[in-house]
Amino acid sequence: TLQGPANIGGRISSLAIHPENQDIIYTGFSVGGIYKTTDGGLSWDPIFDQASNLAIGAIAIDPQNPETIYVGTGDPDIPGGVFVGNGIYKSKDGGKSWAHQGLEETRVINEIIVDPNDSNTIWVAAMGNPFTRNSDRGVFVSNDAGLNWTKSLYINDSTGISNLVLKPNSSSILYAAAWHRVRNDSTSSCLLY
C-alpha cells in the first residue's frame, strides 16, 4: 500500500526506521529534503527544509541513541542532472535541529554506518564530485561522533564508494562497493567494481 509522501523532489533515495519504534520512519529525497513520520506513514512532516542543501543520499540512525541521526547529502544515482551535496549533518533530537559535520567536498554521500557497539565510530561511503576527477572519494571514518574524519579507503580520482555494509555481529569487517563514475558535459563514464 502507498504510504507516501509522493512527488517531492523526484525519488526517495534513502530510508531509515527507528530501531525501537517502527512507526518512526525517515525518508530522504534526491532533491526534496527529509520527511519524517511518527505514525507509520499516515502523515509526514518535512524536517530538513532549513538546510542549505536538500539533495539527500543517506540517512543513518545511531542504534544506541536513536534520537541521533546522520544525513549525507548529494544525489546518489548521479543522473543527467546531478544534485551535489555539501557533506554530512547530524541531529541529536530526532531531526528537530541539525548541525553540519564536515565532508563538504565529498559532494555525494551514498551510505552512512554507525557502529552498533560504539556510537563514536561512523563510516561514510562517498562518491566525490561526479563532475570532476578528484581525491574526495572513498570511505571516510570518524572516531569522535563526526567531529573529525579520515579517509580509510581510496581507489582513484574517478572512483567512489557506492555502497558500504558492516558484517553482521562484527565492528571490524566492512564491505565496500566501488563505482567508477564521472559525469559532465564531455564525459559519462561508468564502471562497477
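Look up: the structure comes first, before these words.
Residues numbered from 1 in each chain as written. Predicted model: local features only at pLDDT ≥ 70, side-chain atom pairs only at ≥ 80, totals over all residues. Heavy atoms only, no water.

**A closer look at the pattern of salt bridges**
- A full pass over the atoms with the stated rule returns three salt bridges.
- For the salt bridge of Asp75 with Arg11, the shortest nitrogen-to-oxygen distance reads 2.8 Å. Linking Asp75 in the loop between strand 6 (69–73) and strand 7 (88–91) with Arg11 in the segment before strand 1 (12–17), this pair joins segments that are 64 residues apart in sequence.
- Of the residues examined, Arg11 reaches a relative accessible area of 32% and is grouped as partly exposed.
- Notably, a salt bridge pairs Glu105 with Arg107, separated by 3.5 Å at the nearest N-O pair.
- The partly exposed category is assigned to Glu105, whose relative accessible area is 43%.
- Through salt bridges with shared partners, a single ionic network connects Arg11, Asp75 and Asp77. (Salt bridge = Lys/Arg side-chain N within 4 Å of Asp/Glu carboxyl O. Helix = DSSP H or I, 4+ residues; strand = E, 2+ residues; numbered from the N terminus. Buried < 20%, exposed > 50% of the residue type's maximum accessible area, 1.4 Å probe, protein only.)

**Some words on the environment of Ser14**
- Summarising the element assignment, Ser14 is placed in strand 1.
- C-alpha separation for the pair Ser14 and Val71, spaced 57 residues apart in sequence, amounts to 9.6 Å.
- Those residues within four positions of Ser14 in sequence are excluded, and the remaining contacts are Tyr26, Thr27, Gly28, Ile56, Gly57, Ala58 and Ile59. (Contact = heavy atoms within 4.5 Å.)

**Side note on the environment of Ser152**
- On the secondary structure map, Ser152 appears in strand 12 (residues 150–153).
- A residue is classified by how much of its surface remains accessible, and Ser152, at 49% relative accessible area, is partly exposed.
- With 11 residues separating them in the primary sequence, Ser152 and Val141 have C-alpha atoms 6.5 Å apart.

**Here's the deal with a nonpolar patch on the surface**
- On the surface, a cluster of nonpolar side chains totalling about 270 Å² of accessible area is made up of Val165, Ile173 and Tyr175.
- Secondary-structure assignment places Tyr175 in strand 14 (residues 174–183).
- For Tyr175, a relative accessible area of 49% translates into the label partly exposed. (Patch = residues over 30% accessible without salt bridge, like charges linked within 9 Å, V, L, I, M, F, W, Y side chains within 5 Å. Areas by Shrake-Rupley, 256 points an atom, 1.4 Å probe, with all protein chains shown as cover.)

**Quick word on the packing of aromatic side chains**
- For the structure shown, the criterion picks out three aromatic pairs.
- Between the aromatic rings of Phe48 and Tyr89, the centroid separation amounts to 5.3 Å while the plane-to-plane angle is 90°, which identifies the pairing as edge-to-face. Of this pair, Phe48 sits in the loop between strand 4 (45–46) and strand 5 (56–61) while Tyr89 sits in strand 7, placing them 41 residues apart in sequence.
- Residue classification places Tyr89 among the buried residues on the basis of a relative accessible area of 8%.
- A network of ring pairs unites the aromatic residues Phe48, Tyr89 and Trp98 as a single cluster.
- For Lys151, the ring lying beneath its charged end belongs to Tyr154, and the centroid distance is 4.5 Å. (Phe/Tyr/Trp six-rings, centres within 6.5 Å; stacked < 30°, edge-to-face > 60°. Lys NZ or Arg CZ within 6 Å of the ring centre and 35° of its normal.)

**Side note on the sheet that holds strand 12**
- Here we have four strands laid out as an open sheet, ordered 9-10-11-12, and antiparallel in their pairing. If you trace the sheet from one side to the other, it starts and ends with strand 9 (109–114) and strand 12, each paired once. If you compare each strand with its neighbour and ignore which way they point, the axes differ by 25° on average.
- Direction of pairing for strand 11 (residues 138–142) relative to strand 12: antiparallel, over a ladder of three bridges. Within strand 12, the residue paired with Phe140 across the bridge is Lys151. (Pairing = 2+ DSSP bridges. Axes fitted to C-alpha atoms, helices over the stretch in contact; angles between N-to-C directions.)

**Some details on the sheet that holds strand 7**
- The strand order across the open sheet formed by four strands is 5-6-7-8, and the pairing between neighbours is antiparallel. Of all strands in the sheet, those bounded by a partner on one side alone are strand 5 and strand 8 (99–100).
- Two strands pair when backbone bridges link them, and strand 5 and strand 6 are joined in this way by five bridges, in the antiparallel orientation. Counted as the bridge partner of Ala58 is Gly72 from strand 6.

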